Amino acid sequence: MVEVLMKIILNDEEQIIKQTVEKKQGIIETIDKLVDGNILSHIIINDYPIYIEIEDYIDRHLNDIEKIQIITKTKSEFVNDTLLTAENYLEHGINAIEHLADQFYQTPTQEDWNQFKNFTDGLNWINNVILNIDSLKERPSNWNDYVKIYHDLENGVRELAEAVEGNDEILIADIINYEIKSIYEKLNKLITTTIDTEGCRPNAN
């Protein structure tokens, strides 16, 4: 058992806690209690931000922790910020996949295949964005349009996997150019409409 005296800051609200914990469990329970229905964005331990594998980091540094700042978002803030990030990704991604499709119409190099891997990682991320928001009650009012796009993406990913399995580089290019690109454009337009009608943009007048 380890006795821990630390400063806990929930967003900007500060409190001091002293408790005996077994490994990381007591700290994790305290964080969960303070998050209280909101969404944990990340934590800052001794001024070092942690976004992933939070429990493992706490476990490894338990004896050195002096201050934990817990950064939370309301569910509405989470939806808005997630859509802003997705909009930015799609705006850049559309041009990138146009170039990727062009490369696959020729003979793709190893670097092109590396970019294809990045592209499929992005596809999975977009799918997860929709799934994460779908799990909340605070969904945009036009959410049914997102669900339709999600199913279109699923079909595109399935066709893409079959083309890769068949080593059909022209078909891969066609799917990227004529299916995925169109879905990205529709999703980007939908997200922009959602943000401008129901959300907010940083520094917007």
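Look up: the structure comes first, before these words.
A short tour of the structure in this document, coming up. (Residues numbered from 1 in each chain as written. Predicted model: local features only at pLDDT ≥ 70, side-chain atom pairs only at ≥ 80, totals over all residues. Heavy atoms only, no water.)

**Digging into the overall build of the protein**
Here's step 1: Counting secondary structure elements, the protein contains 6 helices and 5 strands.
Here's step 2: Going from the N terminus to the C terminus, the protein shows its helices and strands as β-β-α-β-β-α-β-α-α-α-α.
Here's step 3: Within the span of the protein, comprising 205 residues, buried residues form 40% of the whole.
Here's step 4: Once local pairs closer than 6 in sequence are excluded, the contacts in the protein between residues at least 24 apart make up 66%.
Here's step 5: Summed over its atoms, the accessible surface of the protein is roughly 12,200 Å², and 46% of this surface lies on carbon and sulfur atoms. (Helix = DSSP H or I, 4+ residues; strand = E, 2+ residues; numbered from the N terminus. Buried < 20%, exposed > 50% of the residue type's maximum accessible area, 1.4 Å probe, protein only. Contact = heavy atoms within 4.5 Å. Areas by Shrake-Rupley, 256 points an atom, 1.4 Å probe, with all protein chains shown as cover.)

**With respect to empty space enclosed by the protein**
Vacant regions in the atomic arrangement are exposed by a probe of water-molecule size rolled over the atoms.
Here's step 1: With the rule as written, the count across this model stands at 1 cavity of 30 Å³ or more.
Here's step 2: Here the largest cavity is characterised by a volume of approximately 50 Å³.
Here's step 3: If you trace the largest cavity, you find it lined by Leu83, Ala86, Ile126, Val129, Ile130, Ile133, Tyr146, Leu187 and Ile191.
Here's step 4: Taken together, the elements giving at least two residues each to the lining of the largest cavity come down to helix H3 (75-105), helix H4 (110-134) and helix H6 (169-198).
Here's step 5: When residues in the lining of the largest cavity are grouped by element, the largest group, 4 residues, is from H4. (1 Å grid on protein atoms, 1.4 Å probe; cavity = no way out; pocket = protein on both sides within 12 Å on 5 of 7 lines; lining within 4 Å. Points joined across faces, edges and corners; volume = space filled by probe spheres on them.)

**Looking at H6**
Here's step 1: A rise of 1.5 Å per residue sets the reference length of H6, with its 30 residues, at 44 Å; its end C-alpha atoms lie 41 Å apart and thus fit the reference within 8%.
Here's step 2: A maximum bend of about 35 degrees is found in H6 at Ile176. (Expected span 1.5 Å × (residues − 1). Bend = angle between axes of the 7 residues up to and from the residue.)

**A short note on the environment of Lys73**
Here's step 1: Relative to the elements of secondary structure, Lys73 occurs in strand S5 (residues 67-73).
Here's step 2: As a C-alpha pair, Lys73 and Ser41 span 32 residues in sequence and 6.4 Å in three-dimensional space.
Here's step 3: In contact with Lys73, not counting residues within four places along its chain, are Asn38, Ile39, Ser41, Phe78 and Asp81.
Here's step 4: Of the polar contacts made by the side chain of Lys73, one reaches the side chain of Asp81; its length is 3.1 Å. (Polar contact = N/O pair within 3.5 Å; in protein donor to acceptor, adjacent residues only side chain to side chain.)

**Here's the deal with the packing of H4 against helix H5 (residues 143-165)**
Here's step 1: With their axes 10 Å apart at the nearest point, H4 and H5 run at an angle of 150 degrees to one another. By the angle between their axes, H4 is roughly antiparallel relative to H5. Seen from above, H4 lies across H5 with left-handed handedness. Here Phe116, Phe119, Leu123, Ile126, Asn127, Ile130, Leu131, Ile133 and Asp134 of H4 come into contact with H5, specifically with Trp143, Tyr146, Val147, Tyr150, Leu153, Val157, Leu160 and Val164. (Axes fitted to C-alpha atoms, helices over the stretch in contact; angles between N-to-C directions. Parallel < 35°, antiparallel > 145°, perpendicular 65-115°, else oblique. Left-handed = near helix turned anticlockwise from the far one by under 90°.)

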